[in-house]
Amino acid sequence: MTTDFRAELLASGLLVESSVDGLYGRSGTFEKVVRGIDDLVTSAGADQHAAVLHFPAVMPRLVLERSGYLRSFPDLPGSVSVFEGDDDLHVGLLERLERGENWTELLTASDVALCSAACHPLYPQCSGRLPAGGRRFEVFGHCFRHEPSLDPARMQAFRMHEFVYLGEPDAAVAHRDLWLERSADLLSGLGLAVETVVANDPFFGRPGRMLASNQRAEMLKYEVVCTIHHDAHPTAISSSNYHLDHFGIGFGIESANGDVAHSACVGFGVERITLALLGAHGLDPDAWPLAVRSRLWP
Ligand SMILES: [Zn+2]
């Protein structure tokens, strides 16, 4: 069971639990593995000559609104609320806090939201006309998804390491396909038993069922899945996505010839890959097979 694995991770100190399911602190050893994965992914993309961007955990709320994420997954994103009241309201807030009542009703929505996907804050940076050949980015970002779970692979706050292409449709498809193969090779090279599958995103509600069947029919998204711990279901540890013109339309991005830009991204879930490695090779990275260690820490 994943909960046994969770118990092992907590007992070893690799993860530190909080009062909220799916929200963890991480040990130095866990982060050493994360850094090894990040470095390996970076070197796998060295031929892309991608511009490197690191984004914070929050982004303009406008990005959430334009990304279409609220349409597909209204249950997953979060927006940040802040206190903007006067002295009287502050007193009211403290009274509610003291009485254990809901004080968050007194907050107002700020102009920032939590990032849903690492690549989302990138798109507004690309509004306008792209150069010939498009643009490539390597993006490091934090993500939030409100899906409290005891499965350690389903964290509410996690990081994604992506390579993103924006430009012509053919090149976007080629980016997705190149990275699908590359990510499967990279992950199986770490001794993980991975499989490539057509993705099946949990789109929300009735319109979501149509989105899901379109996504499958058009084979827009592939995932590299891995059984993180025996008895658990396979979990996506990387995904390769062709967005068509979705972000091109949402953020006013044109390719060099003036058409709406298409885009594609590959995302590596670094916490999930770390968990998969811990599940496959044991909780002590110093005791992992030399072939794995030498790839992560050459
Ligand atoms: Zn992405």
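Conventions and cut-offs
- Residues numbered from 1 in each chain as written.
- Predicted model: local features only at pLDDT ≥ 70, side-chain atom pairs only at ≥ 80, totals over all residues.
- Helix = DSSP H or I, 4+ residues; strand = E, 2+ residues; numbered from the N terminus.
- Buried ≥ 20, exposed ≤ 12 C-beta atoms within 10 Å, placed from the backbone.
- Contact = placed C-beta atoms within 7 Å.
- Domains from an automatic or database assignment.
- Pairing = 2+ DSSP bridges.
- Axes fitted to C-alpha atoms, helices over the stretch in contact; angles between N-to-C directions.

**Q** Just give me the short version of the overall build of the chain, but keep the residues and values in it.
**A** Within the chain one finds 10 helices and 14 strands. Referenced to the eigenvectors of the C-alpha coordinate spread, the extents of the chain come out at roughly 60 × 55 × 35 Å. Within the chain, buried positions represent 36% of all 298 residues. Nonlocal contacts in the chain, meaning residues at least 24 apart in sequence, comprise 71% of its contacts between residues at least 6 apart.

**Q** An account of the domain arrangement of the chain is requested, with residue identities and associated values reported.
**A** Here the chain is described as being made up of domain 1 (2-78 + 116-296) and domain 2 (83-111). Placing a centre on the C-alpha atoms of domain 1 and another on those of domain 2 gives a separation of 36 Å.

**Q** Quick rundown of the environment of Val91? Include the residues and the values.
**A** For Val91, the position within the fold is in helix α5 (residues 87-98). Along the backbone, Val91 and Arg154 are 63 residues apart, and their C-alpha atoms lie at a distance of 38 Å.

**Q** Describe in detail the sheet that holds strand β4 (residues 58-60), supporting the description with residues and values.
**A** Read across the open sheet, the three strands follow the order β4-β6-β5; overall the sheet is antiparallel. Among the strands making up the open sheet, the edge pair consists of β4 and β5 (79-82). Averaged over all pairs of adjacent strands, the angle between their axes in this sheet comes to 50°, without regard to strand direction. Pairing analysis gives three bridges linking β4 to strand β6 (residues 108-114), with the strands arranged antiparallel. Across the sheet, the residue bridging to Met59 is Ala113, located in β6.

**Q** I'd love a proper account of the environment of Tyr165, names of residues and values included.
**A** Tracing the chain through its elements places Tyr165 in strand β9 (residues 157-167). Each C-alpha atom of the pair Tyr165 and Ala291 lies 31 Å from the other, and the pair is 126 residues apart in sequence. With sequence-adjacent residues up to four places away left out, Tyr165 is seen in contact with Gly134, Arg136, Ala171, Ala172, His175, Ser263 and Ala264.

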